[in-house]
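# Chain and residue survey
Each chain, written out:
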Number of protein chains: 2
Amino acid sequence: MDMLWNGWGDPAEAAPLPDGVRDLLRDLLGVRPADTPPAALADLDVPAPRVGADVLAALARAAGGAASVLTGVPDRVRHTRGKSTPDLLRIRAGEVADAPDAVVLPGGHDEVLAVLRVCAERRVAVVPFGGGTSVTGGLAPDAQGGGFAGVVALDLRRLDRLTALDEVARTAVLDAGLRAPEAERLLGERGFTLGHFPQSFEWATVGGFAATRGSGQASAGYGRFDEMVVGLTVATPEGTLRLGRAPRSAAGPDLRQLVLGSEGAFGVITSVTVRVRPLPRVRAYEGWRFGSFDAGAAALRALAQDGPLPTVLRLSDETETMVGLARPEDIGAADGSADEAADEAAAGGADGSAAGARPGGCLVVTGYEGAAGEAADRRAAAHVVLRAAGGELLGAEPGEAWAQGRYRAPYLRDALLDAGAFAETLETAGFWPALPRLYEAVRGALQETLTAAGTPPLVMCHISHVYETGASLYFTVVGARGDDPLGAWERAKRAAGDAILERGGTISHHHGVGTDHRPWYAREIGPLGVAALRAVKSALDPAGVLNPGVLLPRADE
Amino acid sequence: MDMLWNGWGDPAEAAPLPDGVRDLLRDLLGVRPADTPPAALADLDVPAPRVGADVLAALARAAGGAASVLTGVPDRVRHTRGKSTPDLLRIRAGEVADAPDAVVLPGGHDEVLAVLRVCAERRVAVVPFGGGTSVTGGLAPDAQGGGFAGVVALDLRRLDRLTALDEVARTAVLDAGLRAPEAERLLGERGFTLGHFPQSFEWATVGGFAATRGSGQASAGYGRFDEMVVGLTVATPEGTLRLGRAPRSAAGPDLRQLVLGSEGAFGVITSVTVRVRPLPRVRAYEGWRFGSFDAGAAALRALAQDGPLPTVLRLSDETETMVGLARPEDIGAADGSADEAADEAAAGGADGSAAGARPGGCLVVTGYEGAAGEAADRRAAAHVVLRAAGGELLGAEPGEAWAQGRYRAPYLRDALLDAGAFAETLETAGFWPALPRLYEAVRGALQETLTAAGTPPLVMCHISHVYETGASLYFTVVGARGDDPLGAWERAKRAAGDAILERGGTISHHHGVGTDHRPWYAREIGPLGVAALRAVKSALDPAGVLNPGVLLPRADE
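Residues numbered from 1 in each chain as written. Chains lettered and ligands numbered in written order. Predicted model: local features only at pLDDT ≥ 70, side-chain atom pairs only at ≥ 80, totals over all residues. Heavy atoms only, no water.

### Topic: the overall build of chain A
Threshold: Secondary structure elements follow DSSP: runs of H or I no shorter than four residues count as helices, runs of E no shorter than two count as strands, and numbering proceeds from the N terminus. For every residue, the accessible area obtained with a 1.4 Å probe (protein chains only) is divided by the maximum for its type, and the residue is called buried under 20%, exposed over 50%, and partly exposed between those limits. In summary, the charge assignment counts Lys and Arg as positive and Asp and Glu as negative, without counting His or the chain termini. The atoms used to mark charge sites are NZ of Lys, CZ of Arg, CG of Asp and CD of Glu.
A tally of helices and strands in chain A yields 20 helices and 18 strands. For chain A, the spread of C-alpha atoms along the principal axes amounts to about 70 × 60 × 45 Å. Per-residue burial over chain A gives 63% buried out of 557 residues. Taking the average place of the 54 positive charges on the side chains of chain A and the average place of its 70 negative ones, the gap between the two points comes to 5 Å.

### Considering the interface of chain B and chain A
Selection rule: Every residue pair with non-hydrogen atoms within 4.5 Å of one another is taken to be in contact. Once two parts are joined, some of their accessible surface, as seen by a 1.4 Å probe, is lost; buried area is that loss totalled over both. Any Lys or Arg side-chain nitrogen found within 4 Å of a carboxyl oxygen on Asp or Glu counts as a salt bridge. Counting of polar contacts relies on pairs of N or O atoms within 3.5 Å, with two restrictions inside protein: one atom must be capable of donating a hydrogen and the other of accepting it, and residues adjacent in sequence are counted only when both atoms are side-chain atoms.
Each partner contributes to the interface: chain B provides 77 residues, whereas chain A provides 77 residues. Both faces combined, the contact of chain B with chain A buries some 5600 Å², and carbon together with sulfur accounts for 63% of it. Here chain B and chain A share eight salt bridges between them. Of the charged contacts in the structure, one is a salt bridge between B:Arg170 and A:Asp306, with a shortest N-O distance of 2.8 Å. Along the contact surface separating chain B from chain A lie 34 residue pairs in polar contact (both at pLDDT 80 or more).

### Here's the deal with the environment of B:Pro128
All names here are of chain B. Structurally, Pro128 can be placed in strand S3 (residues 124–129). It is 7.4 Å that separates the C-alpha atoms of Pro128 and Leu156, two residues lying 28 residues apart in sequence. Leaving out residues up to four positions away in the same chain, Pro128 has contacts with Leu139, Leu154, Gly264, Val268 and Asn547.

### Concerning unusual backbone geometry
Of note, the amide linkage connecting A:Gly307 to A:Pro308 takes the cis form, showing an omega dihedral of -5 degrees. Along the chain, the position of A:Pro308 falls in the loop between helix H11 (293–306) and strand S13 (312–316). The phi dihedral of B:Arg81 is positive, around 55 degrees, even though this residue is not glycine. Its location among the elements puts B:Arg81 in the loop between helix H3 (73–78) and helix H4 (85–92). Exposure remark for B:Arg81: the relative accessible area of 4% places this residue in the buried category. Within the chain, B:Arg123 stands out as a residue other than glycine whose phi angle is a positive 55 degrees. Here B:Arg123 shows up in the loop between helix H5 (109–122) and S3.

### Focus: the environment of B:Leu473
All names here are of chain B. Turning to its location among the elements, Leu473 is positioned in strand S18 (residues 470–480). Between the C-alpha atoms of Leu473 and Leu260, which are 213 residues apart in sequence, the distance is 21 Å. Contact partners of Leu473, with chain neighbours within four places excluded, come to Phe293, Leu426, Glu427, Thr428, Ala429, Leu435, Leu438, Tyr439, Cys461, His462 and Ile463.

### A few points about helix H18 (residues 435–452) of chain A
All names here are of chain A. Basically, it comes down to this: Here the expected length of a helix is defined as 1.5 Å per residue gap, with one fewer gap than residues.
With 18 residues, H18 should reach 26 Å at 1.5 Å per residue; the first-to-last C-alpha distance of 25 Å fits that figure. Here H18 has its buried residues at Leu435, Leu438, Tyr439, Ala441, Val442, Ala445, Leu446, Thr449 and Leu450. Residues of H18 that are buried make contact with H11, helix H12 (318–322), strand S16 (421–431), strand S17 (458–463), strand S18 (470–480) and helix H19 (485–502).

### Considering the nonpolar core
This is how the line gets drawn: Residues grouped as a nonpolar core are buried Ala, Val, Leu, Ile, Met, Phe, Trp, Tyr and Cys residues, joined through side-chain atoms within 4.5 Å.
Within the largest apolar cluster, 215 residues are counted, with the highest numbers of intra-cluster contacts made by A:Phe225, A:Leu446, B:Phe225 and B:Leu446. Apart from the residues lying within four places of it in its own chain, the contact partners of B:Phe225 are B:Leu194, B:His196, B:Val206, B:Phe209, B:Ala210, B:Gly214, B:Val272 and B:Val274.

### So, the packing of H18(A) against H19(A)
Residue and element names in this part refer to chain A. The line we're drawing: Orientation is described by lines fitted to C-alpha atoms, with helices fitted over the stretch in contact, and by angles between N-to-C directions that extend from 0 to 180 degrees. Angular relationships are summarised with four words: roughly parallel below 35 degrees, roughly antiparallel beyond 145, roughly perpendicular across 65 to 115, and oblique for the angles in between. Crossing chirality is assigned from the near helix's rotation relative to the far helix, an anticlockwise turn below a right angle marking it left-handed and a clockwise turn marking it right-handed. Nonpolar residues are Ala, Val, Leu, Ile, Met, Phe, Trp, Tyr, Cys and Pro. Charged residues are Asp, Glu, Lys and Arg, and all others, Gly as well, are polar.
Their axes nearest at 8 Å, the elements H18 and H19 cross at an angle of 160 degrees. One element, H18, and the other, H19, form an angle in the roughly antiparallel class. Our pair here, H18 against H19, has a crossing hand that is right-handed. Residues Leu438, Ala441, Val442, Ala445, Leu446, Thr449 and Leu450 of H18 form the contact with H19, whose participating residues are Ala488, Trp489, Arg491, Ala492, Ala495, Ala496, Ala499 and Ile500. Counted by class, the contact of H18 with H19 contains 13 nonpolar, one polar and one charged residues.

### Re the pattern of salt bridges
Pairing between side chains becomes possible if they bear opposite charge and their charged atoms approach one another. For the structure on display, the rule yields 68 salt bridges over all chains. For B:Glu95, the salt bridge goes to B:Arg90, with nearest N and O atoms at 3.2 Å. Through salt bridges with shared partners, one network takes in A:Asp2, A:Arg78, A:Asp155 and A:Arg157.

### Focus: the packing of aromatic side chains
Residues and elements named next belong to chain A. How we decide: Only the six-membered ring of Trp is used, alongside the rings of Phe and Tyr, when aromatic pairs are assigned; centres must lie within 6.5 Å, and planes under 30 degrees apart are stacked while those over 60 apart are edge-to-face, with the rest tilted. Here, a charge over a ring means that NZ of Lys or CZ of Arg falls within 6 Å of the ring centre while also lying within 35 degrees of the ring normal.
Following the criterion strictly, the structure yields 14 aromatic pairs over all chains and no others. Summarising the aromatic geometry, the rings of Phe197 and Phe201 are spaced 5.3 Å apart at their centres and angled 55 degrees between planes, so their arrangement reads as tilted. Phe201 carries the same exposure label as Phe197, and that label is buried. Seen in terms of ring centroids, Tyr285 and Trp402 are 5.9 Å apart; in terms of plane orientation they differ by 70 degrees. Their pairing is edge-to-face. Of the two residues, Tyr285 is situated in strand S12 (residues 282–290) and Trp402 in helix H16 (residues 396–404); the sequence distance between them amounts to 117 residues. Of the two residues, Tyr285 and Trp402, both sit in the buried class. An aromatic cluster of at least three residues, connected via ring pairs, comprises Phe197, Phe201 and Tyr407. Here the basic side chain of Arg123 rests over the ring of Phe148, its NZ or CZ set 4.3 Å away from the ring centre.

### Some words on the sheet that holds strand S5 (residues 162–166) of chain A
Each strand in a sheet pairs with another by means of backbone hydrogen bonds, the pair being arranged parallel or else antiparallel. What counts is decided by this rule: Following DSSP output, two strands are said to pair if at least two bridges run between them.
Strand order across the open sheet formed by five strands is S5-S6-S10-S8-S9 (chain A), with antiparallel pairing between neighbours. Sheet topology places S5 and strand S9 (239–243) of chain A at the edges, where each strand pairs with a single neighbour. Between one strand and the next, the sheet's axes are offset by a mean angle of 10 degrees, whatever the strand orientation. This element, helix H20 (residues 518–540) of chain B, spans strand S8 (229–236) and S9 of chain A of the sheet and lies at about 140 degrees to S9(A).

### Quick notes on the UniProt feature "domain: FAD-binding PCMH-type" (unreviewed entry) in chain A
Our working definition: UniProt positions are given in the numbering used here, feature names are shortened, and annotations may be inferred rather than shown by experiment.
Under the UniProt annotation, the feature "domain: FAD-binding PCMH-type" (unreviewed entry) is placed at residues 96–279 of chain A. Here residues 96–279 of chain A is 23% helix and 27% strand, with 43 Å between the C-alpha atoms at its ends.

### Quick notes on the relation of the copies chain B and chain A
The following threshold applies: Superposition of the copies used a least-squares fit over C-alpha atoms from residues whose pLDDT is at least 70 in both.
Expressed as a screw transformation, the operator carrying chain B onto chain A has a rotation angle of 180 degrees and an axial translation of 0.0 Å, and the superposed copies differ by an RMSD of 0.0 Å. This pairing of chains is accounted for by a two-fold axis. Among all residues of chain B, the minimum C-alpha distance to the rotation axis is found for B:Ala535, at 2.6 Å. Taken as a fraction of all interface residues of chain B, those also at the interface in chain A reach 100%, which identifies the copy contact as same-surface.

### Description of the confidence of the model for chain A
Rule in force here: Confidence scores labelled pLDDT are given residue by residue by the predictor and lie between 0 and 100.
The share of residues in chain A with pLDDT of 70 or more is 94%, and the mean pLDDT across the chain is 93. Among the scores for the predicted complex, ipTM is 0.94 and pTM is 0.94.

### Describing the pairing of strand S4 (residues 150–155) of chain A
All names here are of chain A. Most of S4 sits inside the fold, with six of its six residues counted as buried. Alternating positions in S4 separate into two faces, Gly150, Val152 and Leu154 on one and Val151, Ala153 and Asp155 on the other, with burial throughout. Pairing between strand S2 (residues 102–104) and S4: three bridges, direction parallel. Among the inter-strand pairings, Val104 is bridged to a residue of S4, identified as Leu154. Strand direction decides the pairing type here: strand S3 (residues 124–129) and S4, joined by six bridges, are parallel. Along S4, the bridge assignment pairs Val127 with Ala153.

### Side note on the sheet that holds strand S1 (residues 69–70) of chain B
Reading across from one edge, S1-S2-S4-S3 (chain B) is the order of the four strands in this open sheet, with mixed pairing throughout. For this open sheet the edge positions go to S1 and S3 of chain B, each flanked by a neighbour on one side alone.

### So, the pairing of S8(A)
All names here are of chain A. Of all eight residues in S8, eight are buried; the element is thus mostly enclosed. Two strands pair when backbone bridges link them, and S8 and strand S10 (residues 268–275) are joined in this way by six bridges, in the antiparallel orientation. Paired with Thr233 across the two strands is Ser271, which belongs to S10. Here five bridges tie S8 to S9, and the two strands are oriented antiparallel to one another. Paired with Thr233 across the two strands is Arg242, which belongs to S9.

### What about the environment of B:Ala499?
Residues and elements named next belong to chain B. Looking at where Ala499 falls in the secondary structure, it is placed in helix H19 (residues 485–502). The class of Ala499 is buried, set by a relative accessible area of 8%. Along the chain, Ala499 and Arg437 lie 62 residues apart, while their C-alpha atoms are 9.6 Å from each other. Filtering out sequence-adjacent residues up to four positions away, Ala499 remains in contact with Leu438, Ala441, Val442 and Ala445.

Listed below in structure tokens is the structure:
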């Protein structure tokens, strides 16, 4: 099934906001119903393809036949940009001027190589396309200028096999276009799991996880995707890179780590060898209440530094805890609890009703997955640490509720957009001592810029990825959609990016760079870092056709 | 104190082989006493420096004064090549034609930058020099041709401070020239440890660990050095790279992983930010006996994949177990046990006397370090796994003996060389299923080539670094020093390298590439991988003065 072209996921899964929540959004945040309905697919003004019949024929030869080159409007629209809120607002407004000229569906590594050769020869820009879930402009290259003859989306959906599973090494070779649920299904039949469950799980692909360094909700237990990768096969216009002869090596720089996070700018990942784990026998989620975000963060730090680590570990700040009790689906529920929570949130204090029986505080969700005895032992030991850190056990309900709703947030965003609201997220990471000021600075930047734009927002935050030396911060912003939501968000995002860099954070913990984060990324790695990466790109993609302007400025800029 | 110029370590720590062992080496391996004594430092024919007074003056200005530029023969000799056995045989034979022209001792990052600018302008090759412990030619650049005006060793010994310790983040900023024991002392005063204890521990530096991706004997518990690094400061001829704003990031490729393992070819690491751990309250080592190398490897795999991991975990094959009961210092002991062991080893079977009370088998050494309760729990759980895998607990003695002798092997090698023997090591890593054939192939290659050279060797092996998906193999070779030991070893090493590549291993798990492993490294990463790294080098070191020929072929080759 294809993803909804102007929103998230499976249209059948969409759920409108209850009237009560609409009223609440209006009363608390000034959200007004959208005055124009979203554009219809049939009404979109998609430009005629720039590439000629000769290019299309060459692409068809490269990709195994004419059926592998799609030029219809729906296909081109479905490959236009990604799923950030600005992406959605623009496509809802009918903006598809940058639709790719064609969609190419190669059937294997060699066909990807052949497509890249055609594109390099003809100077056609190539956008590697997996699940299409980028929220940082990773599917929106700068290919309008720069002398490009056109743009094609290279959709990897036909590369969708589990090609090897080694039960001794516990490694699996997965085609890059394999979607995460299908990867889990194929591995699960053999008794294994990857353990990578990001919010985009239902749609994103294995290759996309590698290209963008995804991190899943169970990263405390299974690690980040880049930590799972032991091998990569990469097609470039100059040929093939095969990386990863051993789990670890001292043979030079780790080239896997140069491809991971390269977002299609250096090559197209066609297959990924990953470490897999036995399917967990038990899964148990539960909730804890902490008096404050700082107290909760200290508890997470204790677990990350001295163990034991739960498989899932996340902490919502006071606002996120109040709004929906950290249960996204409750925001859409009509039972009144969300109203109360949002009321408290709007009141702005940590003294309202919140997680569990007692008022105020912050919700921590923990999950334990694994063999029965091991998971139980780990849970018992974690309880000791969490109690010592001041936590109050709330039981299974908040944890199970989180697990039930874990992939619902993007659907909720569609409902919020439908209701006329604005909702978007951004994230960062830093070392533990930097987090409090990073949190305040980013939150402040978002509040200030959006309030100045006339749309004071609700800003929520959670920590969902922890390390010995630091953690991530994930912010969700909900507010009214003013007269110029794209402009307002651009200013807010710029202020947040500046705050992140000034307070010692990284511009992205797991969303990637794309085109949206490029200026901050350049500041983060400095001019020499940019020069080193540009040099790599020149070596692997001398024509500069791979995702131009993603990750790095175009060579002609 | 300076390291012995023609051997290892502190001369006061040297111990000659007992006569009984000499006799044994003669009888079993045909080792004859060396017919010529090693050259004396005073007799060495060190060429006159190639760099002129103007260059030396410019270097002195860059490095803080004339006292920072050393041109005396002893200083130049001490910076000639590294500590591989061929390095030692050549320096013992008086070969110092490639001594650096000068040794420069900058006092900080900015002085390193200034030295690099001088060298780039004057086209003087620069060899970054930490502890001088490379065993793969990492200190032996190809700088005799290529139009270089000379070669300087850039010794980082003055960069020797712990500049920051963050007890909340558990990170420390260490100058690159800090030697490991001093780093541990400075951290230990504050209650922390790095946990990195390679065999070169007593001499190697923090910067060297990073530049070569070192892995210590406690890697099961503390990780490899590259896994400890969260930040790097790097001086290049083009300026400074400062990397690592967060524990993990999705902001592009991980540039830290491009510098780690770059062996001075891209820049000079001047400071390293590492994750530190609390000093362990308890340290307990013990030994286990397994019936075979395969059975022991299966036990290690079980611990690596399903836990719990001891802090130290190593398995000796049958031969290594017999020779010295995996206790290096016993080989030098005169109590007869080594004689018996070597007798059995020479008999070639797994049926001789060996670890513990019963004959045959393979020794596993395990160590548990940490907080008292945690380490005890982990030990108890590991016992269950090791017993289930067929292990027989031998008690503390073999473990403690290993711990006592853990840094003695390089001294033993000097004694073996003094006694006329040849002794060298090499190592690799691969995924678990590849290990048995990798083991047989490398062992066979070493046996065959050295036997064909008239010096049938004793080849021992251990696994000392484990991962979920695979492990390292570390080989030790001891034999007679025939008429052409350098030629014979070159052939043996080449055959071993070919076997490693053919059997799916990496050319180095923790020794690095240097100049010795360069051809296999190029095969390992392929021409596109080499092209990508060459491009990085061109961007950071356009004059090509940094360790030319190390890691990558020189640009003019």
